[in-house]
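Structural overview for review
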There are 4 protein chains.
Amino acid sequence: MQLKRTDLAIEAHEMLMEAAQELSGVSVQQEDKGGAHIARVSIETLRAQTQMGKPIGRYITVEFPEADLSEGDAYEALCKVVAEELSSLLSLQKNSKILVVGLGNRNITPDALGPKVIEKLVVTRHLFSYMPEVLSDGMRSVCAIAPGVLGLTGMETEEVIRGVVDKVRPDAVIVVDALAARSTARISATVQICDTGISPGAGVGNKRKALDKGSLGVPVIAVGVPTVIDAVTISADVLESASKNGEDTAESLSAALSEMDAEAKQDWLRRSVPGELSGFIVTPKDVDLLLDRVSKLVANGINFALHQNLSFEDIALYTS
Amino acid sequence: MQLKRTDLAIEAHEMLMEAAQELSGVSVQQEDKGGAHIARVSIETLRAQTQMGKPIGRYITVEFPEADLSEGDAYEALCKVVAEELSSLLSLQKNSKILVVGLGNRNITPDALGPKVIEKLVVTRHLFSYMPEVLSDGMRSVCAIAPGVLGLTGMETEEVIRGVVDKVRPDAVIVVDALAARSTARISATVQICDTGISPGAGVGNKRKALDKGSLGVPVIAVGVPTVIDAVTISADVLESASKNGEDTAESLSAALSEMDAEAKQDWLRRSVPGELSGFIVTPKDVDLLLDRVSKLVANGINFALHQNLSFEDIALYTS
Amino acid sequence: MQLKRTDLAIEAHEMLMEAAQELSGVSVQQEDKGGAHIARVSIETLRAQTQMGKPIGRYITVEFPEADLSEGDAYEALCKVVAEELSSLLSLQKNSKILVVGLGNRNITPDALGPKVIEKLVVTRHLFSYMPEVLSDGMRSVCAIAPGVLGLTGMETEEVIRGVVDKVRPDAVIVVDALAARSTARISATVQICDTGISPGAGVGNKRKALDKGSLGVPVIAVGVPTVIDAVTISADVLESASKNGEDTAESLSAALSEMDAEAKQDWLRRSVPGELSGFIVTPKDVDLLLDRVSKLVANGINFALHQNLSFEDIALYTS
Amino acid sequence: MQLKRTDLAIEAHEMLMEAAQELSGVSVQQEDKGGAHIARVSIETLRAQTQMGKPIGRYITVEFPEADLSEGDAYEALCKVVAEELSSLLSLQKNSKILVVGLGNRNITPDALGPKVIEKLVVTRHLFSYMPEVLSDGMRSVCAIAPGVLGLTGMETEEVIRGVVDKVRPDAVIVVDALAARSTARISATVQICDTGISPGAGVGNKRKALDKGSLGVPVIAVGVPTVIDAVTISADVLESASKNGEDTAESLSAALSEMDAEAKQDWLRRSVPGELSGFIVTPKDVDLLLDRVSKLVANGINFALHQNLSFEDIALYTS
């Protein structure tokens, strides 16, 4: 069973359903709320973990129309929905201290979600020390860092974050990162929140570089937004669509294609990707604009989850 | 005969050669110079124009290794090569006035070549009026504009540029734009210079929106760098590579694929692209960095072609 | 009477009042609305024009608390206030066509207001031609351009805009530009709207480079936000404050300072500014963040003034 | 003795000389090399430390003409000069491991030197682990981080860096930061390198938040470029210049001003600065462009100092 090229548990689940695989140990609950569609996937057994390619834990996706990403009532309602779902996975006390980590490379737009979110957070840890009078009741101690990526720092993210956690001693860590998805419709239109942290290698050992409770010693919640699709997924989609295009010129090809099941086709394509494609990504043309908007949504989702009784005006004040 | 998804004449030529098509009326001359590979394609007949999908004219590509894009001697030599090839297509007099137009959307990184080049030009038209004493012998009157894209301005680029040309009366126009290529190896590693201007619809009428001698009344030289590949090209590459992957699981598919010729396959794929892919592009991960570097190369190629006896230190002075 | 270093009519008025100058031909009306303070200054006579250093016309300033600049109800109300005041100076018909011009250099943050506003406008002129079905009733034909600055284009802004106006034939032009103010409290916290266009040299001839009804042939409304203070203003403020600091060490200096009136002092300082200061500006530290926010406010003020029955969600849709 | 508003030791020295103060325990050596002017200031006694307002140590400034900041031979020579001076303060072994820390807020242009330099470094620590074959002889293990500022992270920089140093165990730390200077001529035209690290409070205790050998346990070299001047300095310059402007209108003021010595005047102004000015800075208009260029110079100075036998082409390869 090999790695699915999606970071979304809900898509991994859909793919297994499409392939009509027998699957136990996974529960999915769906709900519409505040203009958004929410799916809560729970992976409960080791067997399900292997099948899904994701570690045991809870995964929540909030899907929303693109128009809800900017100003206006729909946007504000959506921020609150993200905050509620995030709160449901965090178990915060009144005095909990939280470290938010923004992963990714700020110079590669589709990878810049983490650093962009960090810049929009209501960060308060220093205010508790130096200016407690500007804090209102219900606010928690929040600190944040965007540590940069291995290629630019020469250090594993996990080394840096463990160093910071040793000094700061937070009660929980929230890790924000850009994700890959299978479906174009979900790009920049979905937030996934999960309680498993981030484990490169998807639950298959290699604890050394994970950012999770095992490596950091405190609960780690991951928040992500899909911003890229990989070249194989795109190719498979084009091929799938083409195989239904019953033109004469391609009759035997269409026939051959319809004989293979979707997963086998994708595996075969993946094993055949030309090496020179590895440095390329597939993103929406207007990814800069989308990232600006979706990072504001994620940041405000976190702001409302960590601080109580905050208004949008308060956020403007604390982030200026 | 349908549109090839490459803006490079040299690739259009390669594709026809691969397809073993008979082709007359096109000459190709190749040369290695200053670390770069230069190909000069000349389209000479209407029939060749139709086959190549590009208007009659001269097309020069300068290909170079990525490492030559930054500082150092190789970079400086490359700037001079681009300047020489550009000069060969411009027929400038000592007093010629030139307008440089940077096309594209500066907020979509792979489309931002034009605006980025404009910012690095040695612009002098106003100095001729206000501060002629700072100009040295051999400098020409250069002005520049990045007019923005239809979606952001609501105006056809050609409307704006004709308005500007009416006021400024240049002797020649240089148009800079990002291009699409077929080959990953050419992305950000090739400059194409041609004397046909830019004609949406590739030589097939629709003069109204072209930026060429026909619409602007003066010679129009286009300078471009490929920065994107389209999803179909990527899919076709993956499929082509897969079809050579003779795994058992995909035997009949591989067989069917090898029966179709490359062009037929690509056409079939193109006709089958799912609509939702239309807003997506395929680019190098580090497209921001590449664009910064390649736009400096193009700008300095233009600077050296338009102004004589300029040093890199002079450019630094005039562009600060 | 020499140029005041403020672009705000309300500050020019305040300075004359402070200097206890007799002033006729200027009316000022003040109002509080939607959390903002509105001042409407009307310069009515040539004598007042000379005293104020601004051409005859109507000048409206909307002042607001910084916290209202981001999301939330206060921000949305403020956008509507700006739209209403702007509408009061525009006399639009149902079918009026409007060109919005964003002045300034996008690479110098405090000067980038114009280009940043342009990017956030609901631009529709091309939709009227190509996709009228996506337009709703009450929307007008809007086009927009950020022409760049003389130093980067080599062309007078007025040349470029006249070229564009010749092709596009708008019924009105809105010009957006960053301004200088005298008071730190007004920086990024005030929008000025006036019906005089932009006239370098402040009403004192030199029609050639103005962007006003005289040069463009249609009504020109200017919208601006102060983002910089000049070095003399800062120096005068420090000196004024120092002169009230009656320390022994500076007794005779304080005495000498209090003998001079404010205007004489400022004139004397202005005549004495060291030349090397001319390339320097004084701005808020967080000018990048402030510009992002205030340009959104101005853009939405324009959006609501030009298009009727638009919601924030609509704006998100049309600007993505 | 109060804090001078310059971070440059050479300016602190100049101010003491101007004030004709007796000064021992400071040596200054000057040299012209590769188009640059080099001054080496050595503060040797506690008394000199107090007078200079800077801790005991060595301070090197490299001053250069602005035109040397871009491409070309002068630029390349300048990079080597910075590298040589930096090497003279570092005592590196063949196997030394170095951590480079980029201080400052990347969203406030004049404060972004540190983060911008980090992005242009040849970082290798991860390559020693994962791809030693791409490293050539003479390269050292370099890692880098831009930790962000207190207001955005909620953490003292020193906390974060100590956490990282604990994990990474470098043999030396280089800290890069933007500085304030007194002279407009030095802005973006000077690099200061010193072996004292960075100590807020200038040698006056408060070891807790310093980034120096005391707090980090390894040698700390600071590299800085002045990018801002403070409002008082500007005001004092304008006032000084005005006091020499012997106009009748300001006769008694000029007389009073010439009675005060420069330092007393500046002190008096500093004590009188209006509070609302504290959020404002004075920078060159084209600070964005200047920062891009000067950060490349500093980065390459560090690259050449840390890695031997590197060419500009190598740097392009390792930083792409």
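Thresholds, definitions, all that
Starting from 1, residues in each chain are numbered consecutively following that chain's sequence as written. All chains are assigned letters beginning with A, and all ligands numbers beginning with 1, in the order in which they are written. In view of the model being predicted, local features appear only for residues whose pLDDT reaches at least 70, and side-chain atom pairs are presented and counted only at 80 or more, with totals across whole chains, interfaces and linings using the full set of residues. With hydrogens and water set aside, each side-chain value is computed from the structure's full complement of heavy atoms. What counts as a helix is a DSSP run of H or I of at least four residues, what counts as a strand is a run of E of at least two, and both are numbered from the N terminus. Burial status follows relative accessibility: with a 1.4 Å probe on protein chains alone, a residue under 20% of its type maximum counts as buried, one over 50% as exposed, and anything between as partly exposed. Each polar contact in these results corresponds to two N or O atoms within 3.5 Å; when the atoms are within protein, one needs to be able to donate a hydrogen and the other to accept it, and residues that are neighboring in sequence are counted only if both atoms are side-chain atoms. In this scheme Phe, Tyr and Trp rings, the latter by its six-membered ring, pair at centre separations within 6.5 Å, and the angle between planes marks the pair as stacked below 30 degrees, edge-to-face above 60, and tilted otherwise. Residue contacts are defined here by distance: any two heavy atoms, one from each residue, within 4.5 Å place the two residues in contact. Two parts placed together each lose some accessible area under a 1.4 Å probe, and the buried area is that loss summed for both. Here, a salt bridge means any Lys or Arg side-chain nitrogen found within 4 Å of an Asp or Glu carboxyl oxygen. Residues were grouped as follows: Ala, Val, Leu, Ile, Met, Phe, Trp, Tyr, Cys and Pro as nonpolar; Asp, Glu, Lys and Arg as charged; and all remaining residues, including Gly, as polar. The start and end points of each domain follow an automatic or database-based domain assignment. The copies were overlaid by least squares, fitting only the C-alpha atoms of residues that reach a pLDDT of 70 or more in each copy. Take the number of residues in a helix, subtract one, and multiply by 1.5 Å to get its expected span. Note: two strands are recorded as paired if DSSP finds a minimum of 2 bridges between them. Note on geometry: axes are C-alpha line fits, over the in-contact stretch for helices, and angles between N-to-C directions span 0 to 180 degrees. Read the arc as the range of directions from the helix axis to the C-beta atoms. Residues form patches when they are more than 30% accessible in relative terms and have no salt bridge. Like charges link within 9 Å. Nonpolar side chains (Val, Leu, Ile, Met, Phe, Trp, Tyr) link within 5 Å. Per-residue and other accessible areas were derived by the Shrake-Rupley procedure at a 1.4 Å probe size, with only the shown protein chains allowed to occlude residues.

Here we come to the side chain of A:Q49. All names here are of chain A. With respect to the element layout, Q49 can be found in helix α2 (residues 46-52). Judged by relative accessible area, which is 15%, Q49 ranks as buried. Among the polar contacts made by the side chain of Q49, one reaches the main-chain amide nitrogen of I56 at a distance of 2.9 Å.

It is worth spelling out the packing of aromatic side chains at this point. All names here are of chain A. Within this structure, the stated rule accounts for eight aromatic pairs over all chains. Considering the side-chain rings of Y75 and F312, the 6.0 Å spacing of their centres and the 45° angle between planes classify their relative orientation as tilted. A residue pair is termed long-range when its members are at least 10 positions apart, and Y75 in helix α3 (residues 73-89) and F312 in helix α13 (residues 312-318) qualify at 237 residues. Like F312, Y75 is buried. Among the aromatic residues, ring-to-ring pairing joins Y75, F304 and F312 into one connected group.

Further remarks concern the interface of chain C and chain D. Opposite the 43 residues of chain C that make contact, chain D presents 44 residues. Interface area, chain C with chain D, both sides summed: about 3,800 Å², of which 66% is carbon and sulfur. Of all residues in chain C, the largest losses of buried area upon contact with chain D belong to C:W268, C:F280 and C:K285, amounting jointly to 18% of the total for that side. Seen at the junction of chain C and chain D, the total is zero salt bridges.

This next bit is on the interface of chain B and chain D. If you look at the interface, chain B gives 20 residues, while chain D gives 20 residues. A buried area of about 1,600 Å², summed over both sides, lies between chain B and chain D, and 50% of it is on carbon and sulfur atoms. Its largest share of buried area at the contact with chain D, chain B owes to B:A67, B:E71 and B:E313, together 36% of the area lost on that side. Counting every contact that joins chain B to chain D gives zero salt bridges. Inspection of the region where chain B meets chain D yields ten residue pairs in polar contact (both at pLDDT 80 or more). Among the secondary structure elements, those contributing two or more residues to the side of chain B that touches chain D are α3 (73-89), α12 (287-306) and α13 (312-318) of chain B. Looking at side-chain class alone, the side of chain B that touches chain D contains seven nonpolar, five polar and eight charged residues.

Attention shifts here to the domain arrangement of chain A. All names here are of chain A. What the domain assignment lists for chain A is domain 1 (9-234 + 276-319) and domain 2 (235-275). The straight-line distance from the C-alpha centre of domain 1 to that of domain 2 is 34 Å. Domain 1 puts eleven residues into the contact, and the matching count from domain 2 is eleven residues. In this assembly, domain 1 packs against domain 2 so that about 990 Å² is buried in total across both faces, 41% of it on carbon and sulfur atoms. When residues of domain 1 are sorted by the area they lose upon contact with domain 2, V232, I234 and E276 head the list and together hold 50% of the total. Viewed at the interface, domain 2 and domain 1 are joined by zero salt bridges. The tally of links from domain 1 across to domain 2 stands at zero residue pairs in polar contact (both at pLDDT 80 or more). Of the residues assigned to the side of domain 1 that touches domain 2, the class counts are five nonpolar, three polar and three charged.

The next thing to look at is the relation of the copies chain C and chain D. Placing chain C over chain D gives an RMSD of 0.0 Å and needs a rotation angle of 180°, together with 0.0 Å of translation along the axis. Taken together, these values place the two copies in the relation of a two-fold axis. By residue overlap, the copies meet face to face through one surface: 100% of the interface positions of chain C are interface positions in chain D.

Residues and elements named next belong to chain A. For R169, which is not glycine, the phi torsion reads 50° and is therefore positive. Even without a glycine there, the phi angle at S188 is positive, about 60°. Relative to the elements of secondary structure, S188 occurs in the loop between β6 (172-180) and β7 (190-194).

An ideal rise of 1.5 Å per residue puts 24 Å on 17 residues; α3(B) measures up with 25 Å between its terminal C-alpha atoms. The set of residues buried in α3(B) consists of B:Y75, B:E76, B:L78, B:C79, B:V81, B:V82, B:A83, B:E85, B:L86 and B:L89.

Let us now look at the sheet that holds strand β2 (residues 36-43) of chain B. Residue and element names in this part refer to chain B. With mixed pairing, eight strands are arranged side by side in an open sheet as β1-β2-β3-β7-β8-β6-β4-β5. The strands lining the two open edges of the sheet, one partner per strand, are β1 (26-33) and β5 (141-145). Across the sheet, the axes of successive neighbouring strands diverge by a mean angle of 20°, strand direction being ignored. Of the strand pairs in this sheet, β2 and strand β3 (residues 57-63) are connected by seven bridges, and their pairing is antiparallel. Following the sheet pairing, R40 is matched in β3 by I60. Along the sheet, helix α1 (residues 9-18) makes contact with β1, β2, β3 and β7 (190-194), crossing β1 at roughly 120°.

Time to look at the pairing of strand β2 (residues 36-43) of chain C. Residues and elements named next belong to chain C. Counting buried residues along β2, seven of its eight residues qualify, which places the element largely inside the surrounding structure. Here strand β1 (residues 26-33) runs beside β2; their pairing, made up of eight bridges, is antiparallel. Counted as the bridge partner of Q30 is A39 from β2. The antiparallel hairpin formed by β1 and β2 contains two residues in its connecting segment, where G34 sits at a positive phi of about 55°.

In this section: the relation of the copies chain B and chain D. For these two chains of identical sequence, chain B goes onto chain D by a turn of 180° and a shift of 0.0 Å along the axis, with RMSD 0.0 Å. Both copies present the same face, since 100% of the interface residues in chain B are matched by interface residues at the equivalent positions in chain D.

Residue and element names in this part refer to chain B. Listed as buried for helix α10 (residues 251-259) are L253, S254, A256 and L257. The buried residues of α10 all sit within an arc of 165° when viewed along its axis, so they share a single face. Facing away from the buried side of α10 by more than 90 degrees, the exposed set consists of E251, S258 and E259.

All right, on to a nonpolar patch on the surface then. Judged by side-chain polarity, A:Y130, A:M131 and A:V134 come together as a nonpolar surface patch covering roughly 240 Å² of accessible area. Along the chain, A:M131 turns up in the loop between α5 (125-130) and β5 (141-145).

Here we take up the pairing of strand β9 (residues 280-284) of chain A. Where burial is concerned, most of β9(A) is hidden: five out of the five residues are buried. Pairing of β9(A) with strand β9 (residues 280-284) of chain B, which is carried by five bridges, proceeds in the antiparallel orientation. In the strand pairing of β9(B), A:P284 is matched with B:F280.

All right, on to the pattern of salt bridges then. Evaluated as defined, the whole model comprises 60 salt bridges over all chains. Linking A:R40 and A:E31 is a salt bridge whose minimum nitrogen-to-oxygen distance equals 2.9 Å. The shortest N-O distance in the salt bridge between C:D292 and C:K116 comes to 2.8 Å. Of this pair, C:D292 sits in helix α12 (residues 287-306) while C:K116 sits in helix α4 (residues 113-118); the two residues are 176 residues apart in sequence, bridging distant segments of the chain. Of the residues examined, C:D292 reaches a relative accessible area of 36% and is grouped as partly exposed. With relative accessibility at 22%, the residue C:K116 sits in the partly exposed group. Among the ionic contacts, a cluster of salt bridges with common partners joins A:E31, A:K33, A:R40, A:E84 and A:E85.

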